[in-house]
Amino acid sequence: IWRHAAPAPIDHPYLMRKCIQPHGAKINRGSLVLPVMNFASKLTSLQFVRPNGNKRLLAGGRKQGCFIPVAGDMENFSCVICCEGWATGCSIWETQPDALALAAIDAGNLEAVAVAARHRWPAAELVIAADNDQWTNGNPGLTKGREAAIAARARLVYPNFRGLDTRHK
């Protein structure tokens, strides 16, 4: 699927809604196709993103400890930024193009990816860019982000929505 997919067009509805560039994404049957890789640079799965934002992983693929390489040079970077989702990684990297951005796919995989990144690049500045799910019980994005930062000896950053209630927008 990955080998035969075409480069994603810049006007794909999901990219337009998120205001991001394709960053190596491909297209298959109308969905964006993103590679899921391990730290040995082997393809372990694919993530499909529908135009409406629905996401699914390839059945039988491996996700745990693997990541979507968002953008940046795997050997020459100012810092490694680990975040949950690919679109978040694109937005971050577009403001910090000297960094290496890796998307862990979800909050539950963030610690495994951050710890593996720390092992791969022990001296690198490692940043966990956590989601702030402050209106979700237990704030899973920030909770998992903190756990990942502690486990990987990384710096934690997250958006601050104090005084801003976006639930009804």
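Anyway, here's the lowdown on the structure attached to this text. What you are looking at is a predicted structure, and each value in this text was computed from that prediction instead of being measured.

To continue, consider the pairing of strand S9 (residues 126-129). Neither face of S9 is exposed, since Leu126 and Ile128 on one face and Val127 and Ala129 on the opposite face are all buried. In terms of handedness, the path from S9 via helix H4 (residues 140-152) over to strand S10 (residues 155-157) forms a crossover that is right-handed.

Another point: the sheet that holds strand S8 (residues 100-103). The strand order across the open sheet formed by five strands is S6-S8-S7-S9-S10, and the pairing between neighbours is mixed. On the outer flanks of this sheet lie strand S6 (68-71) and S10, each paired with one strand and no other. Between one strand and the next, the sheet's axes are offset by a mean angle of 25°, whatever the strand orientation. Two strands pair when backbone bridges link them, and strand S7 (residues 80-83) and S9 are joined in this way by four bridges, in the parallel orientation. What sits directly across from Val80, in S9, is Leu126. Packed on one face of the sheet, helix H2 (residues 86-95) meets S6, S7, S8 and S9 and runs near 25° to S6. The sheet strands contacting helix H3 (residues 107-120) are S7 and S9, and the helix crosses S7 at an angle near 165°.

Cut-off values and rules
Residues numbered from 1 in each chain as written. Predicted model: local features only at pLDDT ≥ 70, side-chain atom pairs only at ≥ 80, totals over all residues. Heavy atoms only, no water. Buried < 20%, exposed > 50% of the residue type's maximum accessible area, 1.4 Å probe, protein only. Helix = DSSP H or I, 4+ residues; strand = E, 2+ residues; numbered from the N terminus. Right-handed = clockwise from strand over helix to strand, strands pointing away. Pairing = 2+ DSSP bridges. Axes fitted to C-alpha atoms, helices over the stretch in contact; angles between N-to-C directions. Contact = heavy atoms within 4.5 Å.

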